Amino acid sequence: MRKLTYVIACSIDGFIGGPDGDASFMYPHVVGEYAEYLRTEHPDINPTHVRRLIGTDDVPNRAYDTIVQGRRSYDEALKGGITSPFGHLREYVVSRTLTESPHPNVEIISTDPVGRVRELKAEDGPLDIYLCGGSVLAGELLDEIDELIIKTYPIVLGTGMPMFGSGFDITEFTLGEVRAFDNGAVVRTYTRKR
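Residues numbered from 1 in each chain as written. Predicted model: local features only at pLDDT ≥ 70, side-chain atom pairs only at ≥ 80, totals over all residues. Heavy atoms only, no water.

Draft legend 1. Here's a closer look at the nonpolar core. Formed by 23 residues in total, the largest nonpolar core has its most connected members in Y6, V68 and L131. The element best represented in this core is strand β1 (residues 4-10), accounting for 4 residues. Excluding its chain neighbours within four sequence positions, the residues that come into contact with L131 are L4, T5, Y6, V7, V68, L137, A138, L141 and I145. Among the nonpolar cores identified, the runner-up in size contains 19 residues, and Y37, Y153, F181 and V187 belong to it. (Core = buried A, V, L, I, M, F, W, Y, C linked by side-chain atoms within 4.5 Å. Buried < 20%, exposed > 50% of the residue type's maximum accessible area, 1.4 Å probe, protein only. Helix = DSSP H or I, 4+ residues; strand = E, 2+ residues; numbered from the N terminus. Contact = heavy atoms within 4.5 Å.)

Following this line, the structure appears as structure tokens:
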């Protein structure tokens, strides 16, 4: 069984974006040893155009071969004219409004995202599935998430888009690796208690 890993950047107070979902204010924190860590330890999670810029476009996928993301996350790429932002992975976009895929590498999941993710997890393969967000989708898929990689930046927003857009439900995870960086970023890995 393959794992579904939610890799997400957030503020100290747990928001992944402002009230409108914009998270561009986090970009200035991707510098120095932290940027090098992401480049070398997590090359799969970078969009394909970023991989080209940082010289990892020819690095084989190490952890993931599939990405699932929400429509709002995907729209960020579309705004820049990028129709296959993660061309190095199999791409799935969950959307109830996008009826046709703008790229042959992108499959639209318009109904039953939980069922489709369960099918993806049941596939044979050595690599796992990367959940890129957003908040509502992560809330819908919470029961399917096996691992969290939370990249916390040294900022407080006060309000905004939560990490999980779902109702109240206690779901326990076990803390694994914790890495702190000179820019104040902290990366924590959690495994789902089953």
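Draft legend 2. Local environment of the packing of aromatic side chains. One pass over the full model with this rule turns up 7 aromatic pairs. For the pair Y6 and F164, a centre-to-centre distance of 5.3 Å together with 70° between the ring planes defines the contact as edge-to-face. Here the residue Y6 occupies a position in strand β1, and F164 occupies one in the loop between β8 (161-162) and β9 (173-180), the gap between them amounting to 158 residues. Given the relative accessible area of 0%, Y6 is considered buried. Overall, F164 belongs to the partly exposed group, its relative accessible area being 22%. Ring geometry for Y37 against F181: centres 4.9 Å apart, planes inclined by 45°, an arrangement best described as tilted. On the criterion of sequence distance, the pair formed by Y37 in helix α1 (residues 32-41) and F181 in the loop between β9 and β10 (186-192) is long-range, its members being 144 residues apart. Overall, Y37 belongs to the buried group, its relative accessible area being 5%. Owing to a relative accessible area of 9%, F181 belongs among the buried residues under this scheme. By the ring-pair criterion, three or more aromatic residues cluster together here, those being Y34, Y37, Y153 and F181. (Phe/Tyr/Trp six-rings, centres within 6.5 Å; stacked < 30°, edge-to-face > 60°.)

Draft legend 3. Quick peek at the state of the cysteines. Overall, the coordinates contain 0 disulfides when judged by the stated rule. C132 supplies the cysteine sulfur nearest to C10, a cysteine that is in no disulfide, at a spacing of 14 Å. In this structure C132 comes out as buried when scored by relative accessible area, which is 17%. (Disulfide = S-S within 2.5 Å.)

Draft legend 4. Geometry of the sheet that holds β1. Strand order across the open sheet formed by 8 strands is β5-β4-β3-β6-β1-β7-β10-β9, with mixed pairing between neighbours. Each of the sheet's edge strands pairs with one partner strand only, and the pair in question is β5 (106-109) and β9. This sheet shows a mean twist of 20° between the axes of neighbouring strands, independent of strand direction. One ladder, built from 5 bridges, connects strand β3 (residues 64-70) with strand β6 (residues 128-133); its direction is parallel. Its bridge partner being in β6, T66 is matched across the sheet by I129. (Pairing = 2+ DSSP bridges. Axes fitted to C-alpha atoms, helices over the stretch in contact; angles between N-to-C directions.)

Draft legend 5. Quick look at the pattern of salt bridges. Tallied over the full model, the rule gives 17 salt bridges. One salt bridge in this structure joins D143 and R192, with 3.6 Å as the shortest N-O distance. Of this pair, D143 sits in the loop between α5 (135-140) and β7 (147-152) while R192 sits in strand β10, and the two are 49 residues apart along the sequence. Its relative accessible area of 47% is what places D143 among the partly exposed residues. Put simply, E177 and R179 hold a salt bridge, and the shortest N to O gap is 3.8 Å. Residue class for E177 comes out partly exposed when judged on its relative accessible area of 43%. (Salt bridge = Lys/Arg side-chain N within 4 Å of Asp/Glu carboxyl O.)

Note that every value here comes from positions in space, so none of it alone points to a role or purpose.
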